[in-house]
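# Architecture and fold: a report
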2 protein chains.
Amino acid sequence: MNSQPTVKPYVIGLDLGGTNSVFGIVDSRGEIKATTAIKTQGYATVEEYVDAAVAALTPIIEAVGGLETIKAMGIGAPNANFYKGTIENAPNLSWAHNDIVPLGQMFSERLGDIPVALTNDANAAALGEMTYGVARGMKNFIVLTLGTGVGSGIVINGQLVYGHDGFAGELGHVIMRRENGRKCGCERTGCLEAYCSATGVARTAREFLANSDEPSLLRDIPAASITSLEVSLAAEKGDALAIRVYNFTGEMLGEACADFAAFSSPEAFIFFGGLTKAGDLIMEPIKKSYDEHVMPVFKGKAQFLISGLDGSSAAVLGASAIGWDI
Amino acid sequence: MNSQPTVKPYVIGLDLGGTNSVFGIVDSRGEIKATTAIKTQGYATVEEYVDAAVAALTPIIEAVGGLETIKAMGIGAPNANFYKGTIENAPNLSWAHNDIVPLGQMFSERLGDIPVALTNDANAAALGEMTYGVARGMKNFIVLTLGTGVGSGIVINGQLVYGHDGFAGELGHVIMRRENGRKCGCERTGCLEAYCSATGVARTAREFLANSDEPSLLRDIPAASITSLEVSLAAEKGDALAIRVYNFTGEMLGEACADFAAFSSPEAFIFFGGLTKAGDLIMEPIKKSYDEHVMPVFKGKAQFLISGLDGSSAAVLGASAIGWDI
């Protein structure tokens, strides 16, 4: 609409993962104009990490027209504090464990003082869905990321929920089993994540196999190396035990979503990440269970959707969306 | 600050309960300048109810300087739809059951077209705490009303959470017991409200009495007529069974709040209504249980407070606060 030179058409997105740091320069339609990547680890200090990042970024920034075309930068990162622009005590980042690292400020200083904001990957996914994905135009929705863990990004009144301390939206850690719950990585027991993450699905499969003599394609695989992918492949072949694993997982997710509806009554629940590759195998039991468990006043009101962001670039798009939001 | 005639210094608050409708004219500090009341029931139509309300309101409006001093009206009512200004299918209101009643518009037309907004009593309580009570200055907090039922008003980023349909904030209906849960008024089982409302406390006492031979002051009362008040009186006298009833109730509320923290990480949980009269008897087990159950990242961050609104006028003050918000 506005073609004055002051309009900056791009944002930088950084998907800062435990292994790789992937950068994209993205326009307002979610088109990735240029991309680059570095390893996340192997730097003694955060300064060295930022040096390497800026060295990789500089040529792709030049390629789109220089820093004056860049509005802002968004970073999706573990243990990110949105309010402070910091990464705090991230156990899996060699240059940020037992430390509070002002990564936002450091990138801003090296990139011509553009605004830089950080949040965790699930919040980034929620902003990505709102900006480019299936939540465009929605003001109230919840993204649940079903990967190694279960993360969440909650949008209410068109705003991401950060809470008082910047760490709100940990729906993977509501308690679904108050007695005899599975041990969770957060050191408590019975969390949603302990059951409904990819690792939780594999664990459920191992439990079902151990607790019965039912024949299953999964018995051909050593129990310790079963993954959620293999469970879904077996289920697609009609394996009854594998189907029950997905039914169990979806049923619990549906129960959890029924509680979340009592909180914020969203227009949609959007599922993101590895487990969604199972498609109807996971989505149908979620919807069925939600309808059975939700409070009557909310029945039939919420949509259940799979992420609209392209899998391989979804995390970078999500991170870039933070940049449009600041 | 501003004494120009265009400043309207008052709002009308209406606490529309199942029995009485209490009106107050309130200034911005929460001082009630004038008050009146009518019966809620006994009218054949909503028109007759509004006629009676306006007849009662007119003299107190005149007493504060006439309609030109009134900025708006807020109504706290059951089954209120904030977005539409309606009361929808309220089973306990003779002139609004099986019907959608545009009460906001009707009052507005009769009161010189001032803006009128409705919400439920728990949301009104949350706005009341933010406007006049212990949540002044807070942007993220949750009010839990512990009365006949358990209601909630959730504030995030300084805004009340209404959700996509206007009915968000039903935290009394998250599921705390997924197996063998108590039947709840919402027709499901295991809801927080079935345990932690005033009626839930009385029910817990009856269960504890029935399941043991333990001596208790409560055995002097016919089981069917035990109330939460009598349980708290017995507990204050050192009755071990009654104390266990409050410990059980507080423990479950603390567990529930730990889940709510994972959602919105509030600065404070504020408790409102009848059960809070039990003071430390209920608040201490809540805090202890919360600390035991909350995710480590949230530990020690939230305050646990009792409502700062005067009990007898709290509901009217809460309702009036809606008026400042529109």
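To be clear, the structure that these remarks concern was listed above.
What comes next is a walk through the structure.

Rules behind the numbers
- Residues numbered from 1 in each chain as written.
- Chains lettered and ligands numbered in written order.
- Predicted model: local features only at pLDDT ≥ 70, side-chain atom pairs only at ≥ 80, totals over all residues.
- Heavy atoms only, no water.
- Pairing = 2+ DSSP bridges.
- Helix = DSSP H or I, 4+ residues; strand = E, 2+ residues; numbered from the N terminus.
- Core = buried A, V, L, I, M, F, W, Y, C linked by side-chain atoms within 4.5 Å.
- Buried < 20%, exposed > 50% of the residue type's maximum accessible area, 1.4 Å probe, protein only.
- Contact = heavy atoms within 4.5 Å.
- Phe/Tyr/Trp six-rings, centres within 6.5 Å; stacked < 30°, edge-to-face > 60°.
- Buried area = accessible area lost by both parts, 1.4 Å probe.
- Salt bridge = Lys/Arg side-chain N within 4 Å of Asp/Glu carboxyl O.
- Axes fitted to C-alpha atoms, helices over the stretch in contact; angles between N-to-C directions.
- Least-squares fit on C-alpha atoms with pLDDT ≥ 70 in both.
- Right-handed = clockwise from strand over helix to strand, strands pointing away.
- Polar contact = N/O pair within 3.5 Å; in protein donor to acceptor, adjacent residues only side chain to side chain.

## With respect to the sheet that holds strand β10 (residues 150-156) of chain B
Residue and element names in this part refer to chain B. Taken together, five strands build an open sheet; the order of strands is β11-β10-β9-β12-β13 and the sheet is mixed. Edge positions in the sheet fall to β11 (159-160) and β13 (303-306), since each has one partner strand and no second. Relative to β11, β10 is paired through two bridges, and the arrangement is antiparallel. In the sheet register, V155 faces β11, and the bridge partner there is L160.

## Section: the nonpolar core
Judged by nonpolar contacts, the single largest core of 114 residues is most densely connected at F260 of chain A together with F260 of chain B. Non-local contacts of F260 of chain A, meaning those with residues more than four positions away in its chain, are made with I142, L144, L171, V174, L192, S265, P266 and F269 of chain A together with F263 of chain B.

## A few points about the packing of aromatic side chains
One pass over the full model with this rule turns up 25 aromatic pairs over all chains. Each ring, one from Y49 of chain A and one from W95 of chain A, has its centre 4.4 Å from the other, and the planes form 20 degrees; the classification is stacked. Taken together, the positions of Y49 of chain A in helix α1 (residues 46-63) and W95 of chain A in the loop between β6 (86-88) and β7 (100-101) put the pair 46 residues apart, joining distant regions of the chain. Judged by centre distance (6.3 Å) and plane angle (15 degrees), the ring pair of F271 of chain A and F304 of chain A falls under stacked. A residue pair is termed long-range when its members are at least 10 positions apart, and F271 of chain A in strand β12 (residues 268-272) and F304 of chain A in strand β13 (residues 303-306) qualify at 33 residues. Per residue, the accessibility class of F271 of chain A equals that of F304 of chain A, and both read buried. Following the ring pairs from residue to residue traces out a cluster consisting of F260 and F263 of chain A together with F260 and F263 of chain B.

## Details of the interface of chain B and chain A
Chain B puts 40 residues into the contact, and the matching count from chain A is 40 residues. Together, the buried faces of chain B and chain A total about 3500 Å²; carbon and sulfur atoms form 56% of this surface. Of all residues in chain B, the largest losses of buried area upon contact with chain A belong to H164, R178 and F263 of chain B, amounting jointly to 23% of the total for that side. Summed over the shared surface of chain B and chain A, the result is six salt bridges. The partner of K301 of chain A in a salt bridge is D165 of chain B, with the nearest N and O atoms 2.6 Å apart. At the level of secondary structure, the elements contributing two or more residues to the side of chain B that touches chain A comprise β10, β11 and α7 (240-264) of chain B.

## Some remarks on the sheet that holds strand β3 (residues 32-39) of chain B
Picture the strands of a sheet paired through backbone hydrogen bonds; they go either parallel or antiparallel. Residue and element names in this part refer to chain B. Here five strands make up an open sheet; going across it, the order is β3-β2-β1-β4-β8 and the pairing mixed. Of all strands in the sheet, those with a lone pairing partner are β3 and β8 (116-119), marking the two edges. If you compare each strand with its neighbour and ignore which way they point, the axes differ by 15 degrees on average. The sheet contact formed by strand β1 (residues 10-16) and strand β2 (residues 20-26) spans six bridges and is antiparallel.

## Quick notes on the environment of S94 of chain B
You can see S94 of chain B is positioned in the loop between β6 (86-88) and β7 (100-101). Here S94 of chain B is in contact with Q41, G42 and Y43 of chain B, once residues within four sequence places are set aside.

## Re the relation of the copies chain B and chain A
Overlaying chain B on chain A yields an RMSD of 0.1 Å, the required transformation being a rotation through 180 degrees with an accompanying axial translation of 0.0 Å. These values place the two chain copies in the arrangement generated by a two-fold rotation axis. Comparing contact sets, 100% of the residues at the interface of chain B also lie at the interface in chain A, consistent with an isologous, same-surface contact.

## A short note on the pairing of strand β12 (residues 268-272) of chain B
Residue and element names in this part refer to chain B. Counting buried positions over the five residues of β12 gives five, a clear majority of the element. Because side chains alternate across β12, one face comprises the buried residues A268, I270 and F272, and the other comprises F269 and F271, equally buried. Across five bridges, the pairing between strand β9 (residues 141-146) and β12 is parallel. Bridge assignment links V143 to a residue of β12, and that residue is I270. Inspection of the sheet shows β12 paired to β13 by four bridges, in the parallel sense. Considered in β13, the bridge of A268 is made with Q303. Read from β12 through helix α8 (residues 280-293) to β13, the crossover connection turns out right-handed.

## Digging into the side chain of N140 of chain A
In this structure, N140 of chain A sits in the loop between α3 (121-132) and β9 (141-146). Given a relative accessible area of 5%, N140 of chain A falls into the buried group. Within the local environment of N140 of chain A, its side chain forms a polar contact with the backbone nitrogen of N157 of chain A, the two atoms lying 3.1 Å apart. Other than its neighbours up to four places away in sequence, N140 of chain A contacts V155, I156, N157, P266, E267 and A268 of chain A together with G163 and H164 of chain B.

Note that every value here comes from positions in space, so none of it alone points to a role or purpose.
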